[in-house]
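Per-entry structural report
Now for the letters of each chain:
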Amino acid sequence: MTEPTSRAAQLAANLAEVEERIARACAAAGRARDDVTLIVVTKTRPAEDVRLLAELGVREVAENRDQEAAPKAEACADLPLRWHFVGQLQTNKARSVAGYADVVHAVDRPRLVTALSQAAERRERELGCLVQVALDADSGSMGARGGVAPDLVPELAAAVAGAQRLRLDGVMMVAPLDGPYRGRPDAAFERLMEISTDLRAAHPAATMVSAGMSSDLEEAVRAGATHVRVGSAVLGERPLLR
Ligand SMILES: *Cc1c(COP(=O)(O)O)cnc(C)c1O
């Protein structure tokens, strides 16, 4: 009888596979491997998994619900991790998120900017912010799953850049499930890179491009993503809760 593979060995193997995919995508795009940072999305997974990942060298982790993330971040406070908040965020959760998050990826409305700024001020912390772009949103409006239409990016970016304790780090996108970019991740990520280029013209330090998940990280790296957010390819399929 063979021993069941330990969780640590399973995570190590998955992580090596994802690392290989990123390295191959970088090489194919003529990019340095250092240009792309892997963020492991640990949502729905216990703090023990986060601890194992930290032992395997992971330094960037992401969560999408404050109710789950806050206790997990507290349980892992001794680990050298940077926490990314990648979910849609309600203003009444800003105060909690500002206590542990280093970067908030889904900034998509002025009220959230104000709430995050006040929360960061209260916590005496600085928060990195990414403007979430929705390519399936009509001009001047928000997307069904958060994010703003490209024409709203400059004004939201200016709000972040002008807010106390917030740092405008760049843009974030989830490849659209609807609209003209549906099923065309390459085109969607290329459009995101154009938006990033325009943003950097006004805000040179806003260099982060958070794009690409388990199923489309190659397309994102090819287009120019600086950060990929990978969950299931490292941790296994999630229960069908969300
Ligand atoms: C869950 C999630 C991911 C990771 O998705 P996988 O398909 O599991 O890699 C990335 N980004 C966001 C915003 C997520 O909510």
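We now turn to the structure provided with this report.

1. Observations regarding unusual backbone geometry
Although it is not a glycine, T44 sits at a positive phi angle of roughly 70 degrees. When you line up the elements, T44 lands in the loop between β1 (37-41) and α2 (47-55). For T44, a relative accessible area of 23% translates into the label partly exposed.

2. Concerning the packing of helix α1 (residues 7-29) against α2
α2 packs onto α1 with a crossing angle of 60 degrees between their chain directions and a minimal axis gap of 10 Å. The pairing of α1 with α2 is recorded here as oblique in orientation. Of the two possible hands of crossing, α1 and α2 adopt the one that is right-handed. Seen from α1, the contacting residues are R7, A8 and L11; seen from α2, they are D49, L52 and L53. Tallied by class, the residues present in the contact of α1 with α2 amount to four nonpolar, no polar and two charged.

3. Describing the environment of A144
Summarising the element assignment, A144 is placed in the loop between β5 (127-133) and α6 (153-161). The exposed category is assigned to A144, whose relative accessible area is 75%. Between the C-alpha atom of A144 and that of W83, which follows or precedes it by 61 residues, the distance is 25 Å.

4. Examining the pairing of strand β4 (residues 103-107)
In terms of burial, β4 is largely enclosed, as five of its five residues are buried. Bridge analysis of strand β3 (residues 82-85) against β4 gives two bridges, and the strand direction is parallel. Pairing of H84 across the sheet is with V103, part of β4. For β4 and β5, the ladder comprises three bridges, and the chain directions are parallel. Bridged to V103 within β5 is G128. Taken together, β4, helix α5 (residues 110-123) and β5 constitute a β-α-β crossover, and its handedness is right-handed.

5. Details of the site of the ligand
Around the ligand sit V41, K43, V86, M172, M213, S214, R229, V230, G231, S232 and R238, and those are all the residues in its vicinity. Residue G231 places a main-chain N or O atom 2.8 Å away from an oxygen atom belonging to the ligand. Measuring from an oxygen atom of the ligand, one finds a side-chain N or O atom of R238 at 2.8 Å. Burial of the ligand by the protein chains amounts to 88% of its free accessible area of 390 Å². More than half of the atoms belonging to the ligand lie within 2 Å of the grid points that define the largest pocket. Residue composition of the shell around the ligand, by class: five nonpolar, three polar and three charged.

6. Here's the deal with helix α3 (residues 66-75)
What α3 keeps buried is the set D66, E68, A69, K72 and A73. Here the buried residues of α3 occupy an arc of 155 degrees about the axis, which is enough to place them on one side. Its buried side turned inward, α3 meets α2, β2 (60-63), β3 and α4 (94-97).

7. Description of the side chain of R31
Inspection of the secondary structure assignment puts R31 in the loop between α1 and β1. No salt bridge is formed by the buried R31. Its closest oppositely charged neighbour is D35, at 4.1 Å. Within the structure, R31 has its side chain in polar contact with the backbone oxygen of V221 (distance 2.9 Å). Not counting chain neighbours up to four residues away, the residues in contact with R31 comprise C26, V36, V221, G224, A225 and T226.

Reading the values: the criteria
- Numbering of residues begins from 1 in every chain and follows the order in which that chain's sequence is written.
- Only residues with pLDDT of at least 70 are given local features in this predicted model, and only at 80 or more are side-chain atom pairs given and counted; all residues enter the totals for whole chains, interfaces and linings.
- Remark: hydrogens and water are excluded; side-chain values derive from all non-hydrogen atoms of the structure.
- Each helix is a run of DSSP H or I of at least 4 residues and each strand a run of E of at least 2, with the numbering of both proceeding from the N terminus.
- Whether a residue is buried, partly exposed or exposed follows from its accessible area with a 1.4 Å probe, protein chains only, as a fraction of its type maximum: under 20%, in between, or over 50%, in that order.
- Axis geometry follows a simple rule: fit a line to the C-alpha atoms, using only the stretch in contact for helices, then measure angles between N-to-C directions, giving values from 0 to 180 degrees.
- Should an angle fall under 35 degrees it is taken as roughly parallel, and over 145 as roughly antiparallel, whereas 65 to 115 is taken as roughly perpendicular and any remaining angle as oblique.
- In a left-handed crossing the near helix is turned counterclockwise from the far helix by less than a right angle, and in a right-handed crossing that turn is clockwise.
- Throughout, a contact is declared for two residues whenever any of their heavy atoms are within 4.5 Å.
- The classification used treats Ala, Val, Leu, Ile, Met, Phe, Trp, Tyr, Cys and Pro as nonpolar, Asp, Glu, Lys and Arg as charged, and all other residues, Gly among them, as polar.
- For two strands to be treated as a pair, DSSP must find at least two bridges joining them.
- Handedness of a crossover is defined as follows: orient the strands so they point away from the viewer, and if the path from the first strand over the helix to the second runs clockwise, the crossover is right-handed.
- Distances are taken per atom, and a residue is near a molecule or strand as soon as one of its heavy atoms is within 4 Å of it.
- In protein, a polar contact means a hydrogen-donor-capable atom and an acceptor-capable atom, both N or O and within 3.5 Å, with residues adjacent in sequence counting only if both atoms are side-chain atoms; elsewhere, any N or O pair within 3.5 Å suffices.
- Here the Shrake-Rupley method, with its probe set to 1.4 Å, supplies the accessible areas, and only the displayed protein chains count as covering residues.
- Method remark: on a 1 Å grid restricted to protein atoms, a set of points is classed as a cavity if a 1.4 Å probe fits but cannot get out and as a pocket if it is open with protein on both sides within 12 Å along at least five of seven lines; lining residues have an atom within 4 Å of a point.
- More than half of a molecule's atoms lying within 2 Å of a cavity's or pocket's grid points is what places that molecule inside it.
- An arc is given here, and it is the one of the directions from the helix axis to the C-beta atoms.
- Residues scored as charged are limited to Lys and Arg (positive) and Asp and Glu (negative), so that His and the chain ends carry no count.
- In the sections that follow, a salt bridge refers to a side-chain nitrogen of Lys or Arg positioned within 4 Å of a carboxyl oxygen of Asp or Glu.

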